[in-house]
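# Architecture at a glance
What follows is the residue order along each chain.
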Amino acid sequence: MSGQTLPLAPVRQRVALLWVATAVLVLTSIGLATRQEAAHRADALRQAEAQTDVLAGSVSAALAFNDTDAMRQSLQALMRDPRVVQAAIYGPDGARRAQLSRPGVGAAPDRLTAAEALPTDRGDVVARPVIEQGQQLGFVYLQTTPESLASLVGRHTSLIVLTLLSLLLLAVVTQAAARLADANARLSEEIEARAAAEDALRQAQKLEALGQLTGGIAHDFNNLLQAIHGAFELILGKAGDERTVRRWATNGIDAANRGARLTRQLLAFSRQQKLELKPLIVADTLAGMADLIGRTLGPSIELVFDLDEDRLLVMSDPTQLELALMNLAVNARDAMLEGGRLIIRTRKVDHPGDAVLPAGRYIELQVVDSGEGMAPAVAERAFEPFFTTKTVGRGTGLGLAQVYGVARQAGGDARIVSQPGQGTSVIMLLSEASAAALAAAPKAPTAALSPSEAPAATVLLVDDDDAVRATVSAGLEARGFRVLNANGGEAGLALADAGPDIAVIDYAMPGMDGAATAEALRSRLPNLPIILASGHSDTAAVERVLGGAATIMRKPFDTAALADAITRVLRPDAA
Amino acid sequence: MAAPASPVSAKGSDGVRFVGRLTRWTAVAAAWLTAFSAFAASSPPGAAIKAAYVTKFAPFVVWPPSAFAGPTAPLVLCVQGDDPFGAMLDRLTADQRVGSHPMIVRHLARIDAESGCHIAYLAGSPAQSQAAAIRALEGSPVLTVTDAEADGGAAGMVRLVLVDGRVRFVIDAGRAGQCRLVISSKLLALAAEVRR
């Protein structure tokens, strides 16, 4: 599971947005109310002005003829409007002629001069001259009441209620969003913590699996060392007897070869090894593993081989194929705790082609157990890396993934046929290799010592391991090479002037490593051929440093193979 | 008051005294009445108020355009006959304008359609009675004004009347209309009576 985080920021943003919305709502409401209020006041003033104008128009005759009754009648009509609290009429001389006031309102001005009669804007007071045919007959005066608070609130009730409701709603939503953001943050933290825990667990599982594998192999390895050790003891004891020495030396070499195979599996397991595809015959590889598989399964499981006789070639990495078989065997063993039967079968099939595989001829490698089987949901995911049904420490979930990877790299596919209680069949379909590919494969180097064919070449041997250097040096000298020994990169550079024809450099060395040493040597002797010997599997890194110009020997190697490689490099035509 | 003529003479000196007292009271009352009448005739509601009224009709009347020689031609207020107002009208109309027309006062013994008047107060005179003046102005756009107390029944278009001791006016809108005069509804609203 990747360190996926929930989209936390947008939730926080949403909360912020809600606050902004609240502020906007409040401001808008206030703005709206203010505007409405201003409009209302303007309206009220306009209305008062209109009323005053009407009064001024209607009282002109009464004013002209000083008809107080008529004036009072006009004023009374005006006072029917509850907003008008006082109205008065003044003569052209400014003296008040008539007035009407509501209780509690002070008297209108006694006099109104011309200047004051112009439309004053005290807000609630309006005065207008009374003019008829250009003749100013007097003034009218009107006072309206300022609006009461109750009326003001009443007018804005809908807006106030709406705003309050919206605020309430917003508050609820904001709170919910804030809670969601908090929950989201907590969830993200938990997910991160869980991802970290899963990473740690996976690492632990891998280490544990490695330990398990290492432990299993250590037993075999001890046996091999025992065999090698015993062989050397016997050789020491019978150094003069050539036949005995030969026999025990052969035994020792066999044991060492088996050890090398084991270490390759370990490296393959650690997934650091590059796949080396070459044509092989599956049946042969399987036959060579019969003992190993048998030991893995234990005595309670019957092992049956059913191998084809067509001896078809496939392109695959033998080490990886072996490992795949081991993985399948281990899985089968774990599925048959009560014992059972494991059938390993190969046969030729002509596949019609489907979504995954092109049509063609394939080798079908079946590993069939009589174990507990799998549910469809498990079978569906069985090839996923790290998918495992085994308890912690028992499996890494990499086994079937590796099987699938090998099959796909060999131009084929892997499939599972299983039912709970019906056992499991894992089927690897491997593409048939052409005969031409087989012919192009390099032949195994000759193991025999042949000093006479060796060129009189000088080899600069750089290796920090004294024992390895001594053995290899002795082996090369026995084949007629002159060897310049250096125990590190600096020492090797110091010997550059001695005129080596070729350099054999160990890759993994403290300080100046093989790649750096090779580069430094090349800068002094640009045409110096270089062979890098690597016990480390990261050949890709070596190639990256030196390009394709270096030959790489994978440790452990035969001295004979190294001698052959040197010969090939120095005299390409002779190989 | 017929009370003093009641049969009380048989009562002798008491009766005589009573009659004497009554006579005295009657004399006092008569004197008061006379004094009041005199007061009423010479002071408000009297000539001053009537004079003011006469000058104030102009803004509420619309004359046909042909009535004026030009936009700034004067609005002529004529007083026909025996002018009861003296200098009051001249004082009241000094500097007064109606629209763009300055108001002037002209005193005439006789009046007719050619006199150039816009408003004519018909006071009447032996030379031309109010009725004759009204006839002379028949059909002309001249607002005729008479005083009910003095016109002897020959009413002008506007007739000043006394109602409850206050000077009011009666308007004959029909006749004014025939003479192409339009009287403002504001003025009509103030009238004691409007004839159509």
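All of these numbers come straight from a predicted model, not from anything done at the bench. (Residues numbered from 1 in each chain as written. Chains lettered and ligands numbered in written order. Predicted model: local features only at pLDDT ≥ 70, side-chain atom pairs only at ≥ 80, totals over all residues.)

### Overview of the overall build of chain B
The helix and strand inventory of chain B stands at six helices and 10 strands. Per-residue burial for chain B yields a buried fraction of 32% across its 196 residues. Counting contacts in chain B only where the partners sit at least 6 residues apart, residues at least 24 apart contribute 57% of the total. (Helix = DSSP H or I, 4+ residues; strand = E, 2+ residues; numbered from the N terminus. Buried ≥ 20, exposed ≤ 12 C-beta atoms within 10 Å, placed from the backbone. Contact = placed C-beta atoms within 7 Å.)

### Brief notes about the sheet that holds strand β2 (residues 96–101) of chain A
Residues and elements named next belong to chain A. If you walk across this open sheet you meet the four strands as β2-β1-β4-β3, and the pairing is antiparallel. Strands with a single pairing partner mark the edges of an open sheet, and in this sheet they are β2 and β3 (125–132). If you compare each strand with its neighbour and ignore which way they point, the axes differ by 15 degrees on average. In terms of strand pairing, strand β1 (residues 84–90) meets β2 through five bridges, oriented antiparallel. In the sheet register, Ile89 faces β2, and the bridge partner there is Ala98. (Pairing = 2+ DSSP bridges. Axes fitted to C-alpha atoms, helices over the stretch in contact; angles between N-to-C directions.)

### Overview of the pairing of strand β4 (residues 101–108) of chain B
Residue and element names in this part refer to chain B. Direction of pairing for strand β2 (residues 75–80) relative to β4: parallel, over a ladder of six bridges. Looking across to β4, one finds that Val76 is bridged to Ile104. Direction of pairing for strand β3 (residues 97–98) relative to β4: antiparallel, over a ladder of two bridges. Along β4, the bridge assignment pairs Arg97 with Pro102. Where β3 folds back on β4, the antiparallel hairpin that results is connected by two residues, among which Gly99 adopts a positive phi of roughly 65 degrees.

### Quick word on the interface of chain B and chain A
Each partner contributes to the interface: chain B provides 11 residues, whereas chain A provides 12 residues. Looking at the side of chain B that touches chain A, the elements with two or more residues in it are α2 (47–56), β3 and α6 (185–190) of chain B. Broken down by element, the side of chain B that touches chain A gets its largest block of residues, four residues, from α6(B). Of the residues assigned to the side of chain B that touches chain A, the class counts are seven nonpolar, one polar and three charged. (Nonpolar A, V, L, I, M, F, W, Y, C, P; charged D, E, K, R; others polar.)

### Quick look at the environment of Ser101(A)
All names here are of chain A. Mapped onto the secondary structure, Ser101 falls in strand β2. For the pair Ser101 and Gln76, spaced 25 residues apart in the sequence, the C-alpha separation amounts to 9.8 Å. The residues touching Ser101, leaving out its near neighbours within four places in the chain, are Val85, Gln86, Ala107 and Ala108.

### Some points on the nonpolar core
Val59(A), Ile89(A), Val140(A), Tyr141(A), Ile119(B), Ala120(B) and Leu143(B) are the most contacted members of the largest nonpolar core, which totals 72 residues. Apart from the residues within four sequence positions on either side, Val59(A) is in contact with Met71(A), Ser74(A), Ile89(A), Val130(A) and Val140(A). The next biggest cluster of nonpolar side chains, apart from the first, holds 40 residues, and it includes Val314(A), Leu325(A), Ala382(A) and Phe383(A). (Core = buried A, V, L, I, M, F, W, Y, C linked by C-beta atoms within 7 Å.)

### As for the packing of helix α12 (residues 466–478) of chain A against helix α16 (residues 559–570) of chain A
Residues and elements named next belong to chain A. For the pair α12 and α16, interaxial distance at closest approach is 9 Å and the crossing angle is 60 degrees. Taken as axis vectors, α12 and α16 run oblique relative to one another. Judged by the sense of rotation from one axis to the other, the crossing of α12 with α16 is right-handed. For the pair formed by α12 and α16, the contact residues are Val472, Gly475 and Leu476 on the first element and Thr559, Leu562 and Ala563 on the second. Residues belonging to the contact of α12 with α16 are distributed by class as follows: four nonpolar, two polar and no charged. (Parallel < 35°, antiparallel > 145°, perpendicular 65-115°, else oblique. Left-handed = near helix turned anticlockwise from the far one by under 90°.)

### Some points on unusual backbone geometry
The phi angle at Asn66(A) is positive, at roughly 50 degrees, despite the residue not being glycine. Topologically, Asn66(A) is positioned in the loop between α2 (60–64) and α3 (68–79).

### Thoughts on the confidence of the model for chain B
Detailed reading of the predicted coordinates is not advisable wherever pLDDT is low. Residue and element names in this part refer to chain B. In this model, chain B carries an average pLDDT of 80, and 77% of its residues clear a pLDDT of 70 or more. Overall, residues 1–16 carries pLDDT values under 50, and its contacts beyond four positions in sequence, including any with other chains, amount to 11 contacts. Residue range residues 33–45 is modelled with pLDDT below 50. Its contacts to residues more than four positions away, or to other chains, number seven contacts. In the predicted assembly, ipTM is 0.72 and pTM is 0.43. (pLDDT = per-residue confidence, 0-100.)

### Structural notes on the environment of Met88(B)
Residue and element names in this part refer to chain B. Relative to the helices and strands, Met88 resides in helix α3 (residues 88–93). Taking C-alpha positions, Met88 is 7.1 Å from Ala48, a pair spaced 40 residues apart along the chain. Setting aside residues up to four positions removed in sequence, Met88 forms contacts with Ala47, Ala48 and Ala51.

### Describing the packing of helix α7 (residues 282–297) of chain A against helix α8 (residues 318–335) of chain A
All names here are of chain A. Running from N to C, α7 and α8 cross one another at 30 degrees; their axes reach a closest spacing of 10 Å. Judged by the sense of rotation from one axis to the other, the crossing of α7 with α8 is right-handed. Each of Thr285, Leu286, Met289, Ile293, Thr296 and Leu297 in α7 lies in contact with α8, whose residues at this interface are Pro318, Leu321, Glu322, Leu325, Met326, Ala329, Val330 and Arg333. Of the residues in the contact of α7 with α8, the class split is 10 nonpolar, two polar and two charged.

### Describing the environment of Val426(A)
Residue and element names in this part refer to chain A. If you trace the backbone, Val426 turns up in strand β11 (residues 424–431). The class for Val426 is buried, based on 26 C-beta atoms found within 10 Å. For the pair formed by Val426 and Ile416, sequence separation is 10 residues and the distance between their alpha carbons is 4.7 Å. Setting aside its immediate chain neighbours within four residues, Val426 contacts Leu328, Val367, Val403, Ala414 and Ile416.

### A few points about the sheet that holds strand β14 (residues 502–506) of chain A
The pairing of strands in a sheet comes from backbone hydrogen bonds and takes either a parallel or an antiparallel form. Residue and element names in this part refer to chain A. One open sheet accounts for five strands, arranged β13-β12-β14-β15-β16; its pairing is parallel. Pairing within the sheet leaves two strands with one partner each, and these edge strands are β13 (482–486) and β16 (551–554). Between one strand and the next, the sheet's axes are offset by a mean angle of 20 degrees, whatever the strand orientation. Of the strand pairs in this sheet, strand β15 (residues 530–534) and β16 are connected by four bridges, and their pairing is parallel. For Ile531, the partnering residue across the bridge sits in β16 and is Thr551. Lying over the sheet, helix α14 (residues 514–524) contacts β12 (458–462), β14 and β15, oriented at roughly 160 degrees with respect to β14.

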